[in-house]
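These are the residues of each chain, in order.
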Amino acid sequence: MLSRDTPLSRAFECMRFPLLLFVVAFHFPLGLPRGHALYYLERVGESAQVLMSIFFFISGYLQYCGRDTYTPADYRRDLRSKTRSILLPFVVWSAIAYILFLLSPRAQLGLPEPGNFMRMFVHGFEVAPRRSILGYDFLERCSPSVTVPYWFLRDLFVLFLISPAFRWIALRLRAWTIPLLLIPFTLNAGLPNGLISLDGLYFYPLGVTFAVCGYDPAETARRLGPWLIVPWVVLTAMCAWMCGDFDNHHLFMGVRSQLFFRIYTLVSLPVWIRAFLWVQARPRLARPLMWLAPACFFIYVAHAPRAISVWMENFRILPGDSAQPGDIAVWVLAMTVLLGGLTLLYRLMSRHTPILLVPLAGGRLPKKASNKQ
């Protein structure tokens, strides 16, 4: 297993909150009208759609890093751990979200049918249609009906369940596994029903391959990162322009647009790792990010229920309305209250009700709270 006291592990820890910040901002856009001075800056937040790939890569890498052997007993032990850390929070928070749907009339929009287990927890509803360079249409992913962002938890657990197959392939093909994964990813070759997201399907096994083959993501990022910073800045600017000027059909079904997003995803991974290797070496920057890292999973699952979405919609600007500096300040304040309030709730629960927090945070508690268990 990867030690918690290495530059790479600290970089992964420091990376969690900035990645989460992008994801939450993506879920609650301000909605600046076209032509506003900050319009394209807000569109940079659209890059969050590729950042989930980094989470998948990290999860796959950490699953097998430092493990020379992996027995059925190891798998059963990990299954119990993943059930507690991923599946249990997924079920508990889905139930909380469903109760909130029932309590709030405005939150009942898109209410799933009671008793439809498959739609609520497994397949959900179809989102993110894509067109492959190979000439066919597919779903990049589907989302549970209870709350859309929980697709990540479902996919992460499913990918773990089949991860021994990824390890078996990596042990036999070694370095050849990487191009065999990246070629179909670049071609945007997805599964037909969207049960497993395209990013998870390729980046989780990529992380597993790095771990099994003994490749160091930190060393790879140190070599590639400096060469990719300028291309990454250019691609980020292009991403903001495309997300601001292209319609959704062009973005999602355009072959060249999808090829662009795939390349951008590949470039982003080493750049982000390299950037946070730099951050973790500077205590003044790393210390607050390390402090926030344990709360990130809780913030992710707690920000998703529809009741919070309804509340955040009050701070969006309607299309065509002029945005004043005060409107932007109010949105920033609302986002700060959301993130700060959830962080404070996590810290208070970890101090006073850690037993209650365990199923909500998947056992991800601050070190002192964990020691009390």
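This text follows the structure it describes.
Residues numbered from 1 in each chain as written. Predicted model: local features only at pLDDT ≥ 70, side-chain atom pairs only at ≥ 80, totals over all residues. Heavy atoms only, no water.

**Concerning the overall build of the protein**
Secondary structure summary: the protein contains 18 helices and two strands in total. Whereas a compact globule of 373 residues would reach a radius of gyration of roughly 21 Å, the protein reaches 20 Å, a difference of no more than 12%. Taking the principal axes of its C-alpha atoms as reference, the protein extends roughly 60 × 50 × 50 Å. Residues classed as buried in the protein amount to 48% of the 373 residues present. Look at the contacts in the protein between residues 6 or more apart in sequence, and 73% of them connect residues 24 or more apart. Summed over all atoms, the accessible surface of the protein reaches about 17,900 Å², with 68% contributed by carbon and sulfur. (Helix = DSSP H or I, 4+ residues; strand = E, 2+ residues; numbered from the N terminus. Rg over C-alpha atoms; globule rule 2.2 N^0.38 Å. Buried < 20%, exposed > 50% of the residue type's maximum accessible area, 1.4 Å probe, protein only. Contact = heavy atoms within 4.5 Å. Areas by Shrake-Rupley, 256 points an atom, 1.4 Å probe, with all protein chains shown as cover.)

**A look at helix H4 (residues 72-103)**
If you check H4, its first and last C-alpha atoms are 44 Å apart, about what 32 residues at 1.5 Å a residue would give, namely 46 Å. Maximum bend of H4: about 40°, positioned at Thr83. Along H4, the residues that are buried comprise Asp74, Asp78, Ser85, Ile86, Pro89, Phe90, Trp93, Ser94, Ala97, Tyr98 and Phe101. (Expected span 1.5 Å × (residues − 1). Bend = angle between axes of the 7 residues up to and from the residue.)

**Here's the deal with the packing of aromatic side chains**
Overall, the coordinates contain 27 aromatic pairs when judged by the stated rule. Arranged with centres 5.0 Å apart and planes meeting at 55°, the rings of Phe56 and Phe152 form a pair that is tilted. Of this pair, Phe56 sits in helix H3 (residues 48-64) while Phe152 is found in helix H6 (residues 151-161), placing the two residues 96 residues apart along the sequence. Like Phe152, Phe56 is buried. On the basis of an interplanar angle of 20° and a centroid distance of 5.6 Å, the ring pair of Trp272 and Phe276 is categorised as stacked. Separated by four residues within a single helix, Trp272 and Phe276 lie in helix H12 (residues 255-280), roughly one turn from each other. Taking the relative accessible area as the measure of exposure, Trp272 reaches 9% and is therefore buried. Through a chain of ring-to-ring contacts, the aromatic side chains of Phe12, Phe57, Tyr61, Phe210 and Tyr215 assemble into a single cluster. The ring of Trp291 carries the charged tip of Arg347 above its face, separated from the ring centre by 4.2 Å. Across from the ring centre of Phe297, 3.7 Å away, lies the NZ or CZ of Arg364, which sits over that ring. (Phe/Tyr/Trp six-rings, centres within 6.5 Å; stacked < 30°, edge-to-face > 60°. Lys NZ or Arg CZ within 6 Å of the ring centre and 35° of its normal.)

**Details of the nonpolar core**
If you look at soluble globular proteins, the nonpolar side chains tend to sit buried side by side. In this structure, Met15 and Ile273 are the most contacted members of the largest nonpolar core, which totals 106 residues. Looking at which element gives the most residues to this core, the answer is H12, with 11 residues. Residues contacting Ile273, with those up to four places away along its chain left out, are Leu8, Phe12, Met15, Phe57, Pro217 and Ala221. (Core = buried A, V, L, I, M, F, W, Y, C linked by side-chain atoms within 4.5 Å.)

Fair warning: the whole summary comes from geometry, so function is off the table for now.
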